[in-house]
Structure formats: structure tokens, C-alpha cells
Amino acid sequence: MRICAYNNDIGIKKKVNQDAILIKEASTNNGDITLLVVCDGMGGLSSGEVASGEVIRGFDKWFEEKLAYVLSEENVITAIKREWDFLIKEISGKLFQYGEERHLQLGTTCSAFIILNDNRYVIAHIGDSRVYQFREHNMSILTTDHTFIAKEMREGRLTEEEAKVDPRRNMLLQAIGACEYIEIEMLDGLVCNKDLYMLCSDGLRHKISEVELIEKFSDIESKEELDNVTDSLVELVKERGEVDNISVIAVKILED
């Protein structure tokens, strides 16, 4: 069994929510399939909504129209990565052209996560939204932040403390629709019983520590508990002054 919970809210100074999320589930003869997507749009007011919404609609349509075909492939993981690479790049190209024609700068992050009926997963990621894994009271960030600051930290030119106050900390190196050419991070792996996975936009994580996240997601055994945790996380970061839009989706694996 997989239980899902989500929250999608507006930061304390925002008027428009440019974030968009998607949760899709399907039952097959061999088990359940779960698709989760978080997008954080950018470009000012409606432009960010256009970008994030377009990606969500693309994944929704793919799930409804292409999933059955993909599951019939000999190598399902390879097929999903191929399909998603094409899907994301096609949407990015359309959004880039849309922006060029209207003299707009727009784009969106995207973290897409699918759990298949054999408990394998695939991730497609671009930008600075994230996918976290919580396993046996340990936390791992599965995705890479495609930001200037993260790159500087990985290459040893900035410390974590310096990064927190650097004025370039929100500068994205890649985003769907904002760049003519993009490189999508693709990952795959295996989920285990009691694993918990969280997808979130960057608005959730700026004002909460890794220790707090681990504590919040420990020992969850029901959807009600998971709903309460996702809601409490969003309220907590808002109380701490988060101004960005906040999106979180969590899924817990509970096998009989």
C-alpha cells in the first residue's frame, strides 16, 4: 500500500501561486503505480502559472495515454526515461518559443517521480525543487539543485554558511522553458517497505532543518498522520516568514 498526502500553499507575501502539483494513481494486474510531480513556475504572475501548468498537463496526459504502452515495453525503466526526456524537452521548446514571441521570461522547475508496480522508481528532475528519501530514520536528497550557488558549493568555492546569505542563491542554471537547451537529470532505484519520499518546491525547505524533517516524518503509519505532517510543515515555514510559494507531496510505502 502507498499513502499520499500533499499541500500547495501561497507564501505570506504572494498573491499568485505559481507552483503546480500532480498526483496520479493507477491499479494494474501486477500492482499499483503512483506518479507525483512538483513544478515551481517563474516569470512573474501569470507567466509562472503558464509554465508550471503546462508541464503538469503534459505529465497528466502522458499518464492517461502513454502509461499502458510503456508498461508493455521490455525495459520499462529505459522506456520511461526516453518518454520523459522527449516530453519535457518538447514542452520546454514550446514554452521557450512562447516567451520569445511575447518578450517574456518564464520557466519552471520540475521534479517527477513514478513508483512502478514492481517497486522500482524513476525520477526526472530539472531546477531546484527536490526529491527526498527517508529510510530508517536517515534522509537523502536524491536530486541535484541546478542553481549557481549549489554548483559553487559542489566545487568548493562557497561554504554552506556563505551560500545562505549570497544574493545569487535563487539563480537557476536550468529551468524548463527558460533555456533553449536543457539537460534533464534522470534517476532510478528501488523503494523499500517503510520508505517515505517527499517532493517539494524550494519554498518548503528554506526555513526548516534536516533534523526537523527527519523528526516530522518518523514513524508515520496512516494517511491521517501523513496529512497532518505535510500541513504542519507548510504552516511552520509560513510562521517562520517564508514568502515563496510552498508545495509538498509525500508518499509512504506500507507493505502488508
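Residues numbered from 1 in each chain as written. Predicted model: local features only at pLDDT ≥ 70, side-chain atom pairs only at ≥ 80, totals over all residues. Heavy atoms only, no water.

J.: Quick question: what am I supposed to make of the overall build of the chain here?
T.: Helix and strand counts for the chain stand at 7 helices and 11 strands. Relative to the 2.2 N^0.38 estimate, which gives 18 Å for 256 residues, the radius of gyration of the chain is 18 Å and therefore close to what a compact globule would have. In terms of overall dimensions, the chain has C-alpha extents of about 50 × 40 × 35 Å along its principal axes. The 256 residues of the chain split such that 51% are buried. Only carbon and sulfur atoms are counted for the fraction: they give 46% of the accessible area of the chain, which is about 12500 Å². Where the 30 positive side-chain charges of the chain centre and where its 48 negative ones centre are 3 Å apart. (Helix = DSSP H or I, 4+ residues; strand = E, 2+ residues; numbered from the N terminus. Rg over C-alpha atoms; globule rule 2.2 N^0.38 Å. Buried < 20%, exposed > 50% of the residue type's maximum accessible area, 1.4 Å probe, protein only. Areas by Shrake-Rupley, 256 points an atom, 1.4 Å probe, with all protein chains shown as cover. Lys, Arg positive; Asp, Glu negative; His and termini not counted. Charge placed at Lys NZ, Arg CZ, Asp CG, Glu CD.)

J.: For this particular structure, what's the right way to read helix α7 (residues 223-239)?
T.: Each α-helix winds once per 3.6 residues, and so residues spaced three or four apart point in a common direction. Over its 17 residues, α7 extends 24 Å from the first C-alpha to the last, a length consistent with the 24 Å expected when each residue adds 1.5 Å. Of the residues making up α7, those classed as buried are Leu226, Val229, Thr230, Leu233, Val234, Leu236, Val237 and Lys238. Buried residues in α7 make contact with β1 (2-9), β10 (196-200), α5 (202-205), α6 (210-216) and β11 (246-253). Note on α7: the residue one or two positions beyond its end, Gly241, has a positive phi of about 100°. (Expected span 1.5 Å × (residues − 1). Contact = heavy atoms within 4.5 Å.)

J.: Even after reading the chapter, I still don't get the packing of aromatic side chains, so can you show me in this structure?
T.: Each aromatic ring pair is described using two quantities: the centre-to-centre distance and the angle formed by the ring planes. One pass over the full model with this rule turns up 7 aromatic pairs. Centroid distance Phe113 to Tyr121: 5.4 Å. Interplanar angle 40°. Geometry classified as tilted. On the basis of relative accessible area, Tyr121 is assigned to the buried category, the value being 8%. Ring pairs connect the aromatic residues Phe59, Trp62 and Trp84, which therefore count as one cluster. (Phe/Tyr/Trp six-rings, centres within 6.5 Å; stacked < 30°, edge-to-face > 60°.)

J.: Looking at this structure, how should I read the sheet that holds strand β8 (residues 138-141)?
T.: For sheets, the rule is that strands pair by backbone hydrogen bonds, running either parallel or antiparallel. Pairing in this open sheet of 5 strands is antiparallel, and the strands run β1-β11-β10-β7-β8 from one edge to the other. The strands lining the two open edges of the sheet, one partner per strand, are β1 and β8. Averaged over all neighbouring strand pairs, the angle between strand axes comes to 15°, with direction disregarded. Sheet topology places β1 next to β11; 8 bridges connect them, and they run antiparallel. When the sheet's bridge partners are listed, Cys4 is paired in β11 with Val251. α7 rests against β1, β10 and β11 of the sheet, and its axis sits at about 25° to β1. (Pairing = 2+ DSSP bridges. Axes fitted to C-alpha atoms, helices over the stretch in contact; angles between N-to-C directions.)

J.: Just checking my understanding: could you explain helix α2 (residues 76-102) for this structure?
T.: With 27 residues, α2 extends 39 Å between its outermost C-alpha atoms, agreeing within 8% with the 39 Å of an ideal straight helix rising 1.5 Å per residue. Looking only at α2, the buried set comprises Val76, Ile77, Ala79, Ile80, Glu83, Trp84, Leu87, Ile88, Ile91, Ser92, Leu95 and Gly99. Between a side-chain oxygen at the N-terminus of α2 and the backbone nitrogen of Ile77 the separation is 3.4 Å; the capping residue is Asn75. Once α2 ends, the next one or two residues include His103, with phi positive near 55°. (Polar contact = N/O pair within 3.5 Å; in protein donor to acceptor, adjacent residues only side chain to side chain.)

J.: So what exactly am I meant to see when it comes to a negative patch on the surface here?
T.: Where like charges cluster on the molecular surface, the negative patch consists of Asp219, Glu221, Glu224 and Glu225. With respect to the element layout, Glu221 can be found in the loop between α6 and α7. (Patch = residues over 30% accessible without salt bridge, like charges linked within 9 Å, V, L, I, M, F, W, Y side chains within 5 Å. Salt bridge = Lys/Arg side-chain N within 4 Å of Asp/Glu carboxyl O.)

J.: Sorry if this is basic, but what is going on with the pairing of β10 here?
T.: The side chains of a regular strand alternate between both faces of the sheet. Burial runs high along β10: 5 of the 5 residues are buried. A two-sided burial pattern is seen for β10, the buried positions comprising Leu196, Met198 and Cys200 on one face and Tyr197 and Leu199 on the other.

J.: I would appreciate a short explanation of the side chain of Asp9 in the present structure.
T.: Topologically, Asp9 is positioned in strand β1. At a separation of 3.1 Å, a polar atom in the side chain of Asp9 contacts the side chain of Lys238. Those residues in contact with Asp9, other than ones at most four positions away along the chain, are Asn17, Val234, Glu235, Lys238, Asn245 and Ile246.

J.: Explanation requested: the nonpolar core in the structure shown.
T.: Of all hydrophobic cores here, the largest spans 35 residues; its most connected members are Val37, Phe59, Trp62, Ile80, Trp84, Cys110 and Ile114. Listing elements by their share of this core, those giving two or more residues are β2 (19-28), β3 (31-42), α1 (46-71), α2, β5 (110-115) and β6 (120-126). If one sorts the elements of this core by residue count, α2 sits on top with 9 residues. Apart from the residues lying within four places of it in its own chain, the contact partners of Trp84 are Leu35, Phe59, Trp62, Ala112, Phe113, Ile114, Val122, Ile123, Ala124 and Met186. Ranked by size, the runner-up nonpolar core spans 23 residues in total, among them Ile3, Met198, Ile220 and Leu233. (Core = buried A, V, L, I, M, F, W, Y, C linked by side-chain atoms within 4.5 Å.)

J.: Help me understand the pairing of β2 in this model?
T.: The sheet contact formed by β2 and β3 spans 10 bridges and is antiparallel. Note that in β3 the partner of Ala26 across the bridge is Ile33. Hairpin connection of β2 to β3: 2 residues between the antiparallel strands.

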